[in-house]
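Each chain, letter by letter, is given below.
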Amino acid sequence: MNNMNMDKLPNAYPTTTVSLINRLKAEKCEMCGATGKLTMHHVRKLKDLKGKTALEKRMIARKRKTIALCGNCLKSTHQR
Ligand SMILES: [Zn+2]
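Everything numeric in this text was worked out from a predicted model, so none of it was measured.

Regarding the overall build of the protein chain
- Along its length, the protein chain carries 4 helices and 2 strands.
- Its helices and strands in sequence order give the protein chain the pattern α-α-β-α-β-α, from N to C terminus.
- Residue burial in the protein chain is summarised as follows: out of 80 residues, 11% are buried.
- Put simply, 57% of the contacts in the protein chain that link residues at least 6 apart link residues at least 24 apart.

Right, here's the structure in full:
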């Protein structure tokens, strides 16, 4: 009984919703939303992001050094 109570998050954020969001994040390109084979693009430091491209702006907004990209978006990142 105690374990069940500990698993519960506040009502505003049901556990099922959280895990669903995380799954979608992991399976979709974070730039164009394409599904399929994704590659994690990452920078060494957030400071390295200049915000020149939509990709960098998104990473800065999320304060994340990694972002899941599909093949097309990854290509355009490296061909600047
Ligand atoms: Zn993409």
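Brief notes about the confidence of the model for the protein chain
- Within the protein chain, residue pLDDT values average 79, and 65% of them lie at 70 or more.
- Here helix α1 (residues 2-7) stands out as the element of the protein chain with the lowest mean pLDDT, 57, in contrast to helix α3 (residues 54-62), whose mean of 92 is the highest.

What to know about the pairing of strand β2 (residues 66-70)
- Side chains of β2 alternate between two faces, with I67 and L69 buried and T66, A68 and C70 left unburied.
- In terms of strand pairing, strand β1 (residues 38-42) meets β2 through 5 bridges, oriented antiparallel. Paired with M40 across the two strands is A68, which belongs to β2.

Observations concerning unusual backbone geometry
- Of note in the backbone geometry, K63 takes a positive phi value of approximately 55° without being a glycine.
- By the secondary structure assignment, K63 is in the loop between α3 and β2.
- In this structure K63 comes out as exposed when scored by C-beta crowding, with 8 C-beta atoms within 10 Å.

What to know about the environment of S76
- Along the chain, S76 turns up in helix α4 (residues 71-78).
- Residue classification places S76 among the partly exposed residues on the basis of 15 C-beta atoms within 10 Å.
- Each C-alpha atom, one on S76 and one on L55, is 10.0 Å from the other, the two residues being 21 residues apart in sequence.

Remarks on the nonpolar core
- Of all hydrophobic cores here, the largest spans 8 residues; its members are C29, M31, L55, M59, I67, L69, C73 and L74.
- Those elements giving two or more residues to this core turn out to be α3, β2 and α4.
- Excluding residues within four positions of it along the chain, L55 makes contact with M31, I67 and T77.

The rules behind these values
Residues numbered from 1 in each chain as written. Predicted model: local features only at pLDDT ≥ 70, side-chain atom pairs only at ≥ 80, totals over all residues. Helix = DSSP H or I, 4+ residues; strand = E, 2+ residues; numbered from the N terminus. Buried ≥ 20, exposed ≤ 12 C-beta atoms within 10 Å, placed from the backbone. Contact = placed C-beta atoms within 7 Å. pLDDT = per-residue confidence, 0-100. Pairing = 2+ DSSP bridges. Core = buried A, V, L, I, M, F, W, Y, C linked by C-beta atoms within 7 Å.

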